[in-house]
Amino acid sequence: MKKVSKKINFIKPVLLDTEGDAKFTDILSEISELDNSDRIIKFDSLYAQVYVQINVKTSEDCFIIELDKVDKSDNPIVKNLATDEIRELDLAEGEGLLYGNIFVYNPEENIIAFAMQGTGHPRQGLLKAVINSIIQDKGNNILDGKVKISRFSISLNKDSLFIEKV
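Residues numbered from 1 in each chain as written. Predicted model: local features only at pLDDT ≥ 70, side-chain atom pairs only at ≥ 80, totals over all residues. Heavy atoms only, no water.

Once that is clear, we can look at the pattern of salt bridges. Following the criterion strictly, the structure yields one salt bridge and no others. Taking the shortest distance from any N to any O, the salt bridge between Lys 79 and Asp 84 comes out at 3.6 Å. The exposure class assigned to Lys 79 is partly exposed, which follows from its relative accessible area of 46%. (Salt bridge = Lys/Arg side-chain N within 4 Å of Asp/Glu carboxyl O. Buried < 20%, exposed > 50% of the residue type's maximum accessible area, 1.4 Å probe, protein only.)

Shown next as structure tokens:
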């Protein structure tokens, strides 16, 4: 059995708030109540459009944040093993490859934890961009647009990041 290495990363959301009383839990709670269409953000890149949907759920005393990124720009090549024929993966209009990303937020400690598997890419920057886009661009009443995530800071020293073999 092949072992998969997971590196668990910890970050803290730092808010820029004109009123001074916003909490990250307030943002997550309001996002969780939005309709599906209001939780989808479209990003235009040089090569393609990328759609990201954020889902927020509560579990005991934590928030589970899931980013579903649908990307049509890097479709894989498919090889027929019987004929050695190579072709691009066919996707219908409006479809793309799904990349899921899971974050766990502990409000008591104000820490977000997420894993990076193998050569995977952590999406904390994408998480910040999606939340800020929803707050600023969707026209919703999320804290009246007076708050945003200004940055993610490393919350724990280097010894607190660890490798887990599965």
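Let's shift gears to the confidence of the model for the protein chain. Summary statistics for the protein chain give a mean pLDDT of 76 and a share of 71% for residues scoring 70 or more. Confidence scores differ between elements of the protein chain, with strand S10 (residues 162–165) showing the lowest mean pLDDT of 40 and helix H1 (residues 24–32) the highest of 89. Between residues 157–166, whose pLDDT stays under 50, and residues either more than four places distant or in other chains, the model counts 22 contacts. (pLDDT = per-residue confidence, 0-100. Helix = DSSP H or I, 4+ residues; strand = E, 2+ residues; numbered from the N terminus. Contact = heavy atoms within 4.5 Å.)

Let us now look at the packing of aromatic side chains. In this structure the tally under the stated criterion is three aromatic pairs. By way of ring pairs, the aromatic residues Phe 24, Phe 63 and Tyr 105 are connected into one cluster. (Phe/Tyr/Trp six-rings, centres within 6.5 Å; stacked < 30°, edge-to-face > 60°.)

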